[in-house]
Protein chains: 2
Amino acid sequence: MNRRISKKIFIGDVPVGGDSPITVQSMTKTDTRDVKSTVKQIMDLVKSGCEIIRCAVPDMEAAKALKDIKKLSPIPIVADIHFHHELALESLKSGVDCLRLNPGNIRDRTKVAAVVKEAKIRQTPIRIGVNFGSLPPVGGIGVSKGISRHNDGVNLLSKGLSDNEYSVVDHMVQTGLWEIGILEDLDFDLIKISLKAFDIDTTVESYRKMAKLVPYPFHLGITESGTAKSGSIRSSIGLGILLYEGIGDTIRVSLSDEPTEEIYTGFEILKSLDIRKEGAVLVACPSCGRADVDVRKLANDVDDLLKKTKTSIKVAVMGCEVNGPGEAKDADVGIAAGVGRAIIFRKGQKSKIVPESDMLTELMNEISKVEQEKNLPTS
Amino acid sequence: MNRRISKKIFIGDVPVGGDSPITVQSMTKTDTRDVKSTVKQIMDLVKSGCEIIRCAVPDMEAAKALKDIKKLSPIPIVADIHFHHELALESLKSGVDCLRLNPGNIRDRTKVAAVVKEAKIRQTPIRIGVNFGSLPPVGGIGVSKGISRHNDGVNLLSKGLSDNEYSVVDHMVQTGLWEIGILEDLDFDLIKISLKAFDIDTTVESYRKMAKLVPYPFHLGITESGTAKSGSIRSSIGLGILLYEGIGDTIRVSLSDEPTEEIYTGFEILKSLDIRKEGAVLVACPSCGRADVDVRKLANDVDDLLKKTKTSIKVAVMGCEVNGPGEAKDADVGIAAGVGRAIIFRKGQKSKIVPESDMLTELMNEISKVEQEKNLPTS
């Protein structure tokens, strides 16, 4: 996979874009005005690995509350603003590390200029968040211009596309270019972009198209993707397709669930694609009519126990003594359960045989040993 | 998306390949010799939508049990055979609809010929299941031949690739071609292929490569992908990438969980990509500091209630009265919750306002109405 080359920006001290690690972020679901609850949720998220957090700013009180939240948060804060430029200005005063703001939503250009001026002084980036659900009408508010400094000449509407040829994807991209152009006209380029839709095809094609047009880093996401189960599947596919082709610099999985679930899913997506390697990867056979033990229970127990591991380690839980060690020969450590006993193996080689009753404990001991070995300083 | 054109075969009465719907399958986790438990699990799977089921055949008793299972199963049965040709012969006698069998594992070619002869008489297809974990050694057992009727001349080893250039992907594909060649030499072409690995990159690249070489339908899967949570994420990405580019004719999600979970995940993958449209798709906002109601609970309640729906319907659960209806304007029906009340909307247009206490009931009523309208015969 060749990663798309994007401009590197900093959200607080976290780099996004360029060769920076692809980061995982979320959004608090608390009332931002409630500093205590919001900070508590941020701390839970940090424990799950969250690297950047966004907070809704519905009013002045929320914008002011960000000052205290910012003081207590160990990770950078993004202020989520809709429409009102004074909320953006107040959030900047509160010291936020990034604004999520579509300049096109603020009709008065002098107000946009005021926000950009303050952002520039603080070197605070702005994420433009184009969402399928809130696109301006085609041809409205100036979207038909759709020109950024970087795409001069690719204006899709100016190419004389008919309504039929001008797709939702074109409109997503065109809206993004128009928003970018507003910031570029004010000589501001600390820009991050998202182009989210519920539909995977629309999302993927919009990012693919934009990837060829501008150098700014991408925040990936699928909007309103659903519950922890259905939403994580939809997000995994959409984000997975893009990340597999090297597109994307930071991700947020939107789920109707606890924000820590969003972080878990985000990291699982990155680990599945070998993009982030921190933590354990579990290989677990689905079990079949040949298995003698409850592989499901064993796998879930091991999964739970491995959640806090930061070491990059591949662990296998297999239900078959005969095929297990070979099938999981690339695992650092694994267990293959037979009748009343289990084989613990490393890289496909038998390490020891243990009774079934001790298999979880013995496996966890072996994992600790491998972790220690991996964490030894290399001389 | 242009779907790869593959040869259509039939697993019982279920078409696989060509322009057939992409089917979702699973594998029983019961002891196949236990007919009662196995049939009960199959019936549960059928209720979840399972379209083809595979059963492990570890011994003669299991092969014979398939006869009774076959009589009671409403969906086609695939017998999963490793090594022993007599188990394949007995499974065919039991009337199974497909064999999963790698002919290369049966060293004696007269034994392979005996199985193929019986499969041909019954027009029973054979799935060749290449797995990363059980690849033959490079250059061993004849894999270096790697020639199928369809790829004559693309033999990778014969091209003089060095060991460094000959990748795991090459070896996966080459092994598949070798297995295919054994069946083709016996003039048998009711073939289905899988090329599974735990690693997404290996899996995706193997299928992509094979897609250009042979016309047979593909069974997609990621092996030992993990628990219901991590495994569904890994499988969604791997299968999603391939399906999005038109590769794949039937899928199995391998999870260390109940097989019904595999079916749920399989259909969610297909629905996310608009490949299968039966049933409900839930749009649900992740909620934020602006929401006044518990969107998570409402979304999960709606999700549960919609599980049995066969009608293709898009339902939205939004936490914001102001932005909700517009953001989910492509949903057939939706709810946007405000303070103490909620708006029910259809295609973004307000339908009615209901008190918060009744919102779930009122939404479900509206969904029923939409379902009825959708299911009216078009005149």
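Residues numbered from 1 in each chain as written. Chains lettered and ligands numbered in written order. Predicted model: local features only at pLDDT ≥ 70, side-chain atom pairs only at ≥ 80, totals over all residues. Heavy atoms only, no water.

Broken down by element type, chain A carries eleven helices and 15 strands. Once the C-alpha set of chain A is aligned to its principal axes, its extents read approximately 75 × 50 × 45 Å. In chain A, which comprises 379 residues, the share counted as buried stands at 60%. Of the contacts made within chain A by residues no fewer than 6 positions apart, 65% connect residues no fewer than 24 positions apart. Accessible surface computed for chain A: about 14800 Å², of which carbon and sulfur atoms make up 51%. (Helix = DSSP H or I, 4+ residues; strand = E, 2+ residues; numbered from the N terminus. Buried < 20%, exposed > 50% of the residue type's maximum accessible area, 1.4 Å probe, protein only. Contact = heavy atoms within 4.5 Å. Areas by Shrake-Rupley, 256 points an atom, 1.4 Å probe, with all protein chains shown as cover.)

The subject of this paragraph is the relation of the copies chain B and chain A. Once chain B is rotated about the relating axis by 180° and shifted along it by 0.0 Å, it coincides with chain A to within an RMSD of 0.0 Å. Taken together, the rotation and translation describe the operation of a two-fold axis. Within chain B, I237 of chain B has its C-alpha nearest the rotation axis, a separation of 2.4 Å. Interface overlap between copies: 100% of the residues of chain B at the interface are likewise at the interface in chain A, consistent with a symmetric, same-surface contact. (Least-squares fit on C-alpha atoms with pLDDT ≥ 70 in both.)

Turning our attention to the sheet that holds strand β12 (residues 313-318) of chain A. Sheets are built from strands that pair by backbone hydrogen bonding, the pairs being arranged parallel or antiparallel. All names here are of chain A. Spatially, five strands are ordered β11-β12-β13-β14-β15 in an open sheet, and the strand pairing comes out mixed. Either end of the sheet is taken by a strand with one partner, and the two such strands are β11 (280-284) and β15 (349-355). Direction aside, neighbouring strands of the sheet carry axes that sit 20° apart on average. With four bridges joining them, β12 and strand β13 (residues 333-337) adopt parallel strand pairing. Opposite V317, over in β13, you have I335 as the bridge partner. (Pairing = 2+ DSSP bridges. Axes fitted to C-alpha atoms, helices over the stretch in contact; angles between N-to-C directions.)

Note: interface size is frequently given as the accessible area lost on complex formation between the parts. Each domain of chain A was delimited in the assignment, giving domain 1 (9-272) and domain 2 (280-374). On a C-alpha basis, the centres of domain 1 of chain A and domain 2 of chain A stand 40 Å from each other. (Domains from an automatic or database assignment.)

If you look at the interface, chain B gives 70 residues, while chain A gives 71 residues. Both sides of the chain B and chain A interface together cover about 5800 Å² of buried area, and 55% of this is carbon and sulfur. Looking only at chain B, the three residues that lose the most surface to chain A are E224, Y244 and R290 of chain B, adding up to 13% of its buried area. Applying the counting rule to chain B against chain A returns six salt bridges. (Buried area = accessible area lost by both parts, 1.4 Å probe. Salt bridge = Lys/Arg side-chain N within 4 Å of Asp/Glu carboxyl O.)

Another point: the state of the cysteines. Scanning all chains against the criterion turns up zero disulfides over all chains. Of all cysteine sulfurs in the structure, the one in C50 of chain A sits closest to C55 of chain A, which takes part in no disulfide; the separation is 9.8 Å. (Disulfide = S-S within 2.5 Å.)

Turning to the sheet that holds strand β11 (residues 280-284) of chain B, a few remarks are in order. Residue and element names in this part refer to chain B. Taken in spatial order, the five strands make up an open sheet running β11-β12-β13-β14-β15, and their pairing is mixed. Two strands in the sheet have a free side with no partner beyond their single neighbour: β11 and β15 (349-355). Mean inter-strand twist for the sheet, computed between neighbouring axes without regard to direction, equals 20°. Two strands pair when backbone bridges link them, and β11 and strand β12 (residues 313-318) are joined in this way by five bridges, in the parallel orientation. The residue of β12 that forms the bridge with V283 is A316. The sheet strands contacting helix α9 (residues 295-306) are β11, β12 and β13 (333-337), and the helix crosses β12 at an angle near 160°.

The subject of this paragraph is the pattern of salt bridges. Counted by the stated rule, this structure contains 68 salt bridges over all chains. The partner of E261 of chain B in a salt bridge is K229 of chain A, and the shortest N-O contact between them spans 2.9 Å. With E261 of chain B in helix α8 (residues 259-272) and K229 of chain A in helix α7 (residues 228-244), the pair connects residues from two separate chains. The buried category is assigned to E261 of chain B, whose relative accessible area is 19%. Connected through salt bridges with shared partners, the residues R346, E366, K369 and E373 of chain A form a single ionic network.

Before going further, it helps to spend a moment on the packing of helix α1 (residues 35-48) of chain B against helix α2 (residues 60-72) of chain B. Residue and element names in this part refer to chain B. As a packed pair, α1 and α2 sit with axes 10 Å apart at the nearest point and diverge in direction by 35°. Helix-helix and strand crossings are classified by hand; for α1 and α2 the assignment is right-handed. On the side of α1, the interface is formed by V35, T38, V39, I42 and M43, while α2 contributes A65, D68, I69 and L72. Of the residues contributing to the contact of α1 with α2, the split by class is seven nonpolar, one polar and one charged. (Left-handed = near helix turned anticlockwise from the far one by under 90°. Nonpolar A, V, L, I, M, F, W, Y, C, P; charged D, E, K, R; others polar.)

The next thing to look at is the environment of L306 of chain B. Residue and element names in this part refer to chain B. Looking at the secondary structure, you find L306 in helix α9. Residue L306 is classed as buried on the basis of its relative accessible area of 5%. For the pair formed by L306 and I367, sequence separation is 61 residues and the distance between their alpha carbons is 9.3 Å. Once residues within four sequence positions are removed from consideration, L306 is found in contact with A280, V315, M364 and I367.

Take unusual backbone geometry next. All names here are of chain A. At F83, a position not held by glycine, the phi torsion is positive, near 70°. By the element assignment, F83 lies in the loop between β5 (77-80) and α3 (85-93). Accessibility expressed as a relative area gives 45% for F83, which makes it partly exposed. The phi dihedral of D187 falls on the positive side, at around 60°, and the residue is not glycine.

This next bit is on helix α2 (residues 60-72) of chain A. Residue and element names in this part refer to chain A. The sharpest bend along α2 reaches about 25° and sits at L66. Among the residues making up α2, those that are buried are A62, A63, A65, L66 and I69. Looking at the buried positions of α2, the neighbouring elements they touch are α1 (35-48), β4 (52-56), β5 and α3. Sitting at the head of α2, D59 places a side-chain oxygen 3.3 Å from the backbone nitrogen of E61. (Bend = angle between axes of the 7 residues up to and from the residue. Polar contact = N/O pair within 3.5 Å; in protein donor to acceptor, adjacent residues only side chain to side chain.)

Attention shifts here to the pairing of strand β3 (residues 23-27) of chain B. All names here are of chain B. Burial runs high along β3: five of the five residues are buried. Judged by which residues are buried, β3 turns out to be covered on both faces: T23, Q25 and M27 on one side and V24 and S26 on the other are all buried. As paired strands, β3 and strand β10 (residues 250-252) are joined by three bridges and run parallel to one another. Note on β10: the bridge partner recorded for Q25 is R252. Sheet topology places β3 next to strand β4 (residues 52-56); three bridges connect them, and they run parallel. Note on β4: the bridge partner recorded for S26 is I53.

Another aspect to go through is the confidence of the model for chain A. Model confidence for chain A is summarised by a mean pLDDT of 90, while 94% of its residues fall at 70 or above. Here the prediction assigns the complex a pTM of 0.92, and the interface score ipTM is 0.92. (pLDDT = per-residue confidence, 0-100.)

Take the pairing of strand β14 (residues 341-346) of chain A next. In summary, the side chains of a regular strand alternate between the two faces of the sheet. Residue and element names in this part refer to chain A. Looking at chain direction, β13 and β14 are connected through four bridges and run antiparallel. The partner of G334 across the bridge, within β14, is F345. Counting the residues between successive antiparallel strands, the hairpin from β13 to β14 contains three residues, one of them, G340, with a positive phi of roughly 70°. Looking at chain direction, β14 and β15 are connected through six bridges and run antiparallel. Residue R341 lies in a different strand from β15, and its bridge partner there is P355. Count of turn residues in the β14/β15 antiparallel hairpin: two residues, of which K347 carries a positive phi of about 50°.

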